[in-house]
Amino acid sequence: MTSFIVLTPPQGPDRDHASTRFVADRFTWLGFLFPALWLLIGRCWLAGIATLLAQGFAVWLGDQPGLFWAGALMQFGIALLIGLEGRHIRVTTLVRRGWTLCDVVTAPDLATAETIYFSSLPAEAPKPFVPVTDWNKLSPPAQRSAQGFAHGGPALGLFDIGGGR
């Protein structure tokens, strides 16, 4: 089972939750094989630059006489650290940018995690459709005669008393 971290954007979730992110909390092979590049593509700028500098130092250290294994172990350690903690670095970066950590869902795959999360959200009660009618705009305003009765307007009841009695 994998834990999925659920994040919503800074302005709040969309109506259909299209911008809600699910980040799997597990080992990442691309982060292990290409640590600095993976972080920079994921827009984790500070961690990506720090990793790039540390990898550069490890390469320099491996070129020094008698320190090849120290440089190789440092490269392996950096790759292992980013492989294990890279997704956590991404989540932390998103939270710093204003994203909200909503929930942690444990599921075997992403589709099941989305089903579990979205089924636990409160359902919006459907609003009853009540048409609003502006009764003043349905008929033209009645013109009053000298006696005070309307001529030519709509009549209420059985008989038209527009002309008066």
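Residues numbered from 1 in each chain as written. Predicted model: local features only at pLDDT ≥ 70, side-chain atom pairs only at ≥ 80, totals over all residues. Heavy atoms only, no water.

Trainee: Before we go on, may I ask you to explain the overall build of the protein chain in this structure?
Mentor: Helix and strand counts for the protein chain come out as 5 helices and 3 strands. Mapped from its N terminus to its C terminus, the protein chain presents α and β elements in the order β-β-α-α-α-α-β-α. Contacts spanning at least 24 positions in sequence make up 56% of the contacts within the protein chain whose residues lie at least 6 apart. If you sum the accessible surface of the protein chain, you get close to 12100 Å²; carbon and sulfur atoms cover 64% of it. (Helix = DSSP H or I, 4+ residues; strand = E, 2+ residues; numbered from the N terminus. Contact = heavy atoms within 4.5 Å. Areas by Shrake-Rupley, 256 points an atom, 1.4 Å probe, with all protein chains shown as cover.)

Trainee: Looking at this model, I keep getting lost on a positive patch on the surface. Mind explaining?
Mentor: Judged by side-chain charge, R21, R43, R96 and R97 come together as a positively charged surface patch. Topologically, R97 is positioned in the loop between α4 (68–96) and β3 (100–107). Residue R97 is classed as partly exposed on the basis of its relative accessible area, which comes to 37%. (Patch = residues over 30% accessible without salt bridge, like charges linked within 9 Å, V, L, I, M, F, W, Y side chains within 5 Å. Salt bridge = Lys/Arg side-chain N within 4 Å of Asp/Glu carboxyl O. Lys, Arg positive; Asp, Glu negative; His and termini not counted. Charge placed at Lys NZ, Arg CZ, Asp CG, Glu CD. Buried < 20%, exposed > 50% of the residue type's maximum accessible area, 1.4 Å probe, protein only.)

Trainee: When you look at the environment of L53 in this model, what are you seeing that I'm missing?
Mentor: Examined against the element boundaries, L53 turns out to sit in helix α3 (residues 45–63). With a relative accessible area of 61%, L53 lands in the exposed category. Separated by 17 residues in the primary sequence, L53 and A36 have C-alpha atoms spaced 8.9 Å apart.

Trainee: I tried to follow the environment of V95 on my own but got confused; where do I start?
Mentor: Note on placement: V95 falls in helix α4. Sequence spacing of V95 and P9 is 86 residues, and the spatial spacing of their C-alpha atoms is 9.2 Å.

Trainee: Quick question: what am I supposed to make of a nonpolar patch on the surface here?
Mentor: A contiguous nonpolar surface patch, about 710 Å² in accessible area, is contributed by W29, L30, L33, F34, L37 and I41. Breaking the nonpolar patch down by element, the ones donating at least two residues are α1 (29–33) and α2 (35–41). For the nonpolar patch, the element with the highest residue contribution is α1, accounting for 3 residues. Structurally, the position occupied by F34 is in the loop between α1 and α2. Exposure remark for F34: the relative accessible area of 46% places this residue in the partly exposed category.

Trainee: Explain unusual backbone geometry to me, please; I cannot follow it from the model alone.
Mentor: Although it is not a glycine, R43 sits at a positive phi angle of roughly 65 degrees. Positionally, R43 belongs in the loop between α2 and α3.

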